[in-house]
Amino acid sequence: MCDVTIRIGGEAGQGMKVISGLLGKTFLRSGLYVFSHQDAMSRIRGGHNFSQIRLSGSPVRGPSSQVDILICLDRMTLDLYKDEIQGVIIYDREHVGQGAPDGEKYLPIPLEKIAEEKGRDARMANSVASGAAVAVLGLSLDPLLGLLDETFAPKGEKVVKANKECALAGYMSAGENYRGNKLCPDISGKNGPKRMLISGSEAMALGALASNIRFYSGYPMSPATSIMEYLAAKSKAYGLIVEQAEDEISAINMAIGASFSGARTMVSTSGGGLALMVEGISLVGMTETPLVIVDCQRPAPATGLPTRTEQGDLLFVAHCAHGEFPRAIFAPSTADEAFYLINKAFDLAEKFQIPVFILGDQHLNDSSWTEEAFDLTKTRRERQGLVSEKDLQALSPYTYKRYALTESGVSPRILPGTPGQVLYADSDEHTEEGHITESAEVRRGMVDKRLKKIPGLLKEIAPPRIYPDAAAAWYTVSWGSSFGAVEEAVRLLREKGMNLGYIHFSEVYPLGPEAIPRKISEKADLIAVENNATGQFARLLRMETGLWIDRKVLKFDGRPFSAQELVSQIKKQIGG
Amino acid sequence: MTKPEDYRSGDPIAWCPGCGNFGILNAWKKALSQLDLKPEQILMVSGIGQAAKLPHYLRCNTFNGLHGRALPAATGAKIANHELVVIAEGGDGDGYAEGGNHFIHAMRRNVDLSYFVHNNQIYGLTKGQASPTSDICMVTGTTPEGNPFSPERPLALAVASNCSFVARGYVGEMDLLKDLMVEAIKNESFSLLEILQPCVSFNKSNTYDWYKDRVYKLEAGSYDPFSQTAAFQKALEWGDRIPIGVLYRSHRKAYEEFAGLKGTEPLFRRVRKTEDLKGLADEFF
């Protein structure tokens, strides 16, 4: 089975994302599993960025730190990585001039010259480089040619033809000059089941559409903007309104208003935007208005590293907003989970009339993941938590109580416009009717009512993924988007004979008293693995369950974990 | 026909005796019955402040949200169900200070809402601090040496923003106030109605007597509200003479028309079926 990583480096604006998109889909359609991610500086032009694609014959859910093919679109990429990378280095001698490096690992290809000759456009160097990579891998060129057809069709036949000629010329040039082994020869021409290559953001947006979202309000902020742009692009065809608010405070209050009117609603932002939304989250808690809130985490405090990744907002999201009220937090591990958990979030938000958070991060949201086709029949769109038609008929005119005290703590809603009834929702403490009150008795009743939802909510929360079931001496404890790297590292270490497993949480809050089964916590040693500096999940776990994990593998440099670095870090913890 | 009593709610009123809000509440009931709206057709969205309590004293759907955030919540509620008649209501602190940014953008967005701002030039609920509309030199709890700032001129801001309906009422002129409420609600774009209202407890300067000598009505025959220049002058007029009535009107296409909502099924009622989603993910294969 091949497992190859390609890094494409250049200045912002040179189209690394275009190549990685083209190559990613080429590999997908060749029957391979693909994981690709971006390492971008926060700027529009210049600087140094790279896209990295990992392709494999078996599922991959995270990056590899071993690069097998380096594609240099500029000189800086070559200078930065030529010594550390052992694999093939594709570069353009024109970028280097005198003293261009030579040797077995270098594969010079006149990327820009070919692009100028065949396409009269230096930007087509992307297609040349893509063709060259396909040749080095030993794959068929056909899927790439097909993709160029689809991608450039809107720009006309001439552009399509020129790009295809560039890809072919790159393919031929690499074929003639590359003397090493083909890196992925055993796959070519094999047709697997059709799979998707989809980013976490796209999966979240699709999940929202599948949940009957009808109103989205937001303010642009990396890495959450891609969710908003995707939904905006689909808004006309799928009948939803996407409103760009003047700030995140407005965004969340608009969303609360729309949800109050009965439309399914979501907001997404990153940590700084969420900080502005916090008062609104408290309003959701008090008015018991359903809302889905996505926080695509990035390194903070303040503006932090806007285009990079971290799992640094967990404790913030678990506790943000004044007062005490129930909430749920999901942290999808993959794009597939992002899709289904968004749907579950919409369902639970409405069923319990609470805020439900989705914690993404730049790594989850911006990376592209290979996933089986989403099963729409597994998504739920049925309305939850409304007064039944029968109960409505039995009500005398204008006697509906929005905050009626109930066993479950959930008071069935009517929506404004219901004939013969009105509803009052209030951010002040309120009576069952929704009017302002100062009564101590009513206050106690209302606090109890809201908190009573937690036991019901806990029943809906799925347990962590545990592998192996109960036999390992060591377990990593992780959550969210680090799953791919953790799963792979555990597999690699087990192959070396280490008695290690993983416990991975995607539904991270609320946590039951036995969030980690006692049969494991009492016998095995635990190692927290988190993409933050203080082990936030381990701290949450201690707060909620009393369990203490003192071994931690933490990473907080703005970059995601790779399996290789986890292997060495876990070994250090175990002392192996 | 509905009657003013049809809008009475059972909630006991918590305003000071003599508060201008009582007059506003009465004008409200008259306006709603003149419009012949059923209570369930109306949604009032308010923030926090004495004015923002008003919806509790009316029989109508109410969302009494956060201080300063009535307009965003009203915007979302109206977009999700454009069949509702949506009115945002609050005071000068709520709307012009805490919610100032939303006020500007609500006029730009031009959703078919009416925004009624009770302007008493003081913070009442928190017991007497300066507001954005407090007169210069006014002594309050937070400006013991006198308010050093020139007051905001919200109506001038509205005229500059080409707000499609800009009016000012006064609680001492009940019939006009009721008429302005009716006109604001009828206008199919964003409407601003500022209501001058003495605060008997905390504003000892801008009293009923103070207003009585100053307010004058803009007469329909001699004043053209469609002139932005004239409206701008009127919106800046304050002090010895204070104009009330409709200051400005402009024909603007409402948000609902741009967004294609008008005449369609409200968003909240639309249901997406599994077959509607077919093909949605095709681009990812």
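As shown above, the structure is provided for reference.
Along each chain, residues carry numbers from 1 onward, in the same order as the chain's sequence is written. In the order they appear in the text, chains get letters beginning with A and ligands get numbers beginning with 1. Local features in this predicted model are restricted to residues of pLDDT 70 or higher, and side-chain atom pairs are both shown and tallied only at a pLDDT of 80 or more, whereas totals for entire chains, interfaces and linings draw on every residue. Side-chain measures were taken over the full set of non-hydrogen atoms in the model, leaving aside hydrogen atoms and water.

## Let's talk about the overall build of chain A
Secondary structure elements are defined from DSSP: runs of H or I of at least 4 residues count as helices, runs of E of at least 2 residues count as strands, and each element is numbered from the N terminus. If you tally the helices and strands in chain A, you get 21 helices and 21 strands. To get the radius of gyration, use the C-alpha atoms; to get the globule rule, take the number of residues to the power 0.38 and multiply by 2.2 Å. Its C-alpha atoms give chain A a radius of gyration of 26 Å, near enough to 25 Å, the size a compact globule of 576 residues would have. Overall, chain A is about 85 × 60 × 40 Å in size when its C-alpha atoms are taken along their principal axes. Exposure classes here rest on a 1.4 Å probe applied to the protein chains alone. A residue is buried below 20% of its type maximum, exposed above 50%, and partly exposed in between. Relative to its 576 residues, chain A shows a buried fraction of 61%.

## With respect to the pairing of strand S8 (residues 242-249) of chain B
Residue and element names in this part refer to chain B. Across the eight residues that make up S8, a large majority, seven, are buried. Relative to S8, strand S5 (residues 165-170) runs antiparallel, the two sharing four bridges. Residue pairing across strands places arginine 168 opposite glycine 245, the latter belonging to S8. With three bridges connecting them, strand S7 (residues 215-217) and S8 associate as parallel partners. Opposite tyrosine 216, over in S8, you have proline 243 as the bridge partner. After leaving S7, the chain enters helix H8 (residues 228-236) and then returns to the sheet as S8, a path that is right-handed. Two strands are counted as paired when DSSP detects at least two bridges linking them. Crossovers are described as right-handed under a simple rule: with the strands pointing away from the observer, the path leading from the first strand over the helix to the second runs clockwise.

## Here's the deal with the interface of chain B and chain A
Residue contacts are counted whenever heavy atoms from the two residues lie within 4.5 Å of one another. Of the residues lining the interface, 50 residues belong to chain B; the matching set on chain A comes to 66 residues. A quick way to say it: buried area is the sum, across both parts, of accessible area lost when two parts are put together, with a 1.4 Å probe. Summed over both partners, the interface of chain B with chain A buries about 4800 Å², with 59% contributed by carbon and sulfur atoms. Salt bridges are defined by distance alone: a side-chain nitrogen of Lys or Arg within 4 Å of a carboxyl oxygen of Asp or Glu. At the boundary of chain B with chain A, the tally comes to four salt bridges. The residue lysine 234 of chain A makes a salt bridge to glutamate 283 of chain B at a minimum N-O spacing of 3.1 Å. In the analysis that follows, any N or O atom pair within 3.5 Å is treated as a polar contact, provided that within protein one partner can donate a hydrogen and the other can accept it, and provided that, for residues neighboring in sequence, both atoms belong to side chains. Counting across the chain B and chain A interface gives 30 residue pairs in polar contact (both at pLDDT 80 or more). Elements that contribute at least two residues to the side of chain B that touches chain A include exactly strand S2 (61-64), helix H2 (70-80) and helix H4 (100-109) of chain B. Here the side of chain B that touches chain A gets seven residues from one element, more than from any other, and that element is H2 of chain B. Residue polarity is assigned by list, with Asp, Glu, Lys and Arg as charged and Ala, Val, Leu, Ile, Met, Phe, Trp, Tyr, Cys and Pro as nonpolar; anything else, Gly included, falls into the polar class. Within the side of chain B that touches chain A, the residues separate by chemical class into 25 nonpolar, 13 polar and twelve charged. Judged from the three bridges that link them, strand S15 (residues 424-426) of chain A and S2 of chain B form a sheet pairing that is parallel. Within the sheet, the bridge partner assigned to alanine 425 of chain A lies in S2 of chain B and is phenylalanine 63 of chain B.

Shape descriptors only; they carry no functional weight alone.
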